[in-house]
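Coordinate analysis (summary)
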Amino acid sequence: VDTTIDAPLLLVLISRLADGDVAGQFLLDLARKQDNRSDTIQLKPLSTAETQQLVDHFITQNTTEANKLKQQIVVRSDGNPLYVEEIVRMLTDQGGLVREHSAGSWQVTSGADELVRGVPGTVKGLILSRFDRLPERTRTILHKAAVLGTSFPVSLLAALGREPLEILTEHLTELERRQFLHADDFRSEPGFSFCHGLTQETIYSTLLNRDRRTIHMQAAKAIEQSVLWLAEEQVELLAYHFAESEEPTRAIPHLIIAAENAARRSANVLAIEHYGRAMEILPDQVQHPSDEYFQISIGLGTAYKFVGEYATGNQILQEALDQIWVWHR
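In this text, all values refer to a predicted model and were calculated from it rather than measured experimentally. (Residues numbered from 1 in each chain as written. Predicted model: local features only at pLDDT ≥ 70, side-chain atom pairs only at ≥ 80, totals over all residues. Heavy atoms only, no water.)

Size it by volume and the second largest pocket reaches roughly 160 Å³. Taken together, Glu236, Leu237, Ala239, Tyr240, Ala243, Glu244, Leu255, Glu273, His274 and Arg277 make up the lining of the second largest pocket. Taken together, the elements giving at least two residues each to the lining of the second largest pocket come down to helix 13 (231–243) and helix 15 (268–281). Sort the elements by how many residues they give to the lining of the second largest pocket and helix 13 lands first, with five residues. Considered class by class, the residues forming the lining of the second largest pocket number five nonpolar, one polar and four charged. (1 Å grid on protein atoms, 1.4 Å probe; cavity = no way out; pocket = protein on both sides within 12 Å on 5 of 7 lines; lining within 4 Å. Points joined across faces, edges and corners; volume = space filled by probe spheres on them. Helix = DSSP H or I, 4+ residues; strand = E, 2+ residues; numbered from the N terminus. Nonpolar A, V, L, I, M, F, W, Y, C, P; charged D, E, K, R; others polar.)

Before going further, it helps to spend a moment on the packing of helix 12 (residues 209–224) against helix 13. Running from N to C, helix 12 and helix 13 cross one another at 160°; their axes reach a closest spacing of 8 Å. It follows that helix 12 is roughly antiparallel to helix 13 by the angle criterion. Our pair here, helix 12 against helix 13, has a crossing hand that is left-handed. On helix 13, the residues that touch His216, Met217, Ala219, Ala220, Ile223 and Glu224 of helix 12 are Gln234, Leu237, Leu238, Tyr240, His241 and Phe242. (Axes fitted to C-alpha atoms, helices over the stretch in contact; angles between N-to-C directions. Parallel < 35°, antiparallel > 145°, perpendicular 65-115°, else oblique. Left-handed = near helix turned anticlockwise from the far one by under 90°. Contact = heavy atoms within 4.5 Å.)

A separate point is the sheet that holds strand 6 (residues 181–183). Read from one edge of the open sheet, three strands run 5-7-6, paired in antiparallel fashion. Of all strands in the sheet, those bounded by a partner on one side alone are strand 5 (151–153) and strand 6. On average, each strand axis in the sheet is tilted by 25° relative to the strand beside it, whichever way the strands run. Packing against the sheet, helix 10 (residues 165–177) makes contact with strand 6 and strand 7 (191–194), and its axis sits at approximately 110° to strand 6. (Pairing = 2+ DSSP bridges.)

On to helix 10. In this model, helix 10 (13 residues) spans 18 Å end to end at C-alpha, consistent with the 18 Å of a helix rising 1.5 Å per residue. Every buried residue of helix 10 is listed here: Leu168, His171, Leu172 and Leu175. For helix 10, the angular spread of the buried residues around the axis is 100°, confining them to a single face. Across from the buried face of helix 10, at angles greater than 90 degrees, the exposed residues are Glu166, Glu170 and Arg177. Buried residues along helix 10 sit in contact with helix 8 (136–148), helix 9 (154–159), strand 6 and strand 7. Gln179 occupies a position one or two residues after helix 10 and carries a positive phi of about 65°. (Expected span 1.5 Å × (residues − 1). Buried < 20%, exposed > 50% of the residue type's maximum accessible area, 1.4 Å probe, protein only. Arc of directions from axis to C-beta.)

In this structure, Leu69, Ile73, Leu91, Leu142 and Leu181 are the most contacted members of the largest nonpolar core, which totals 79 residues. For this core, the leading source of residues is helix 5 (residues 81–93), giving seven residues. Leu181 has contacts with Leu142, Phe152, Leu172, Leu175, Glu176, Phe192, Ser193, Phe194 and Cys195, leaving out every residue within four places of it along the chain. (Core = buried A, V, L, I, M, F, W, Y, C linked by side-chain atoms within 4.5 Å.)

In structure tokens form, the structure reads like this:
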């Protein structure tokens, strides 16, 4: 389902939601009604006036120098609010904006104009520019956090490295100060979330495949020992992390269980995704088809039928049946 909402209307909905207004429940109700289907809310770029209003929210100073800087930001952002946020974060990181304690607001410095002229032209470029300026050890910790997802408990991140908790906390505090992360309790434990999903996605994409697989394996082993998640949640996490690790076949039993759980609650699209991933990982079955192959084939074929793709479902089931005949000859 594609739902197009103008940015001003979205801002109204969000503000009303914060105030408990019934209209603000629109987004939540829309999500609840879809039952395992995702929605794309397509936002049009902000108008120049709306972008100016957003920039004024971040930089309240009204001097000639400040207004010139704000106009540059409006032009560079081209109506993208996340680009505005990242420019402001870059300016605070590099001293273009400093906190005026007496006024409690951000003040423009003499170097801000030059900094804005040199910023990358995309949001991802801005994020990477800020990421590259972090100390090496802090970058490593943020890389590991990105593998864990958009939010994570501190205890799980700690399990991926050897830093004492107090040292890890110092790095996390610095990442929060630089607005990569913000403190966000995870269940009953201290945790953090990325300030934006695109930040997590961008930083994750910079990992070398070798390093990425190693961290996923570390995460899977740590989650196996954790009691933070319910059984079904834990299975989903183990399926994901093992599948992306250096030993992807360890994900197969978890993917099958996750697919069966999804099928039981009629989330057949999700079941197809899990069964399909398990089939991709499964070793070659030409000579000696495994029990897992037949289990996946039957589940996958059935799930396709439940979503109305009968030809695909029949083909998968027929291939499994043909393998049985060949195997028993």
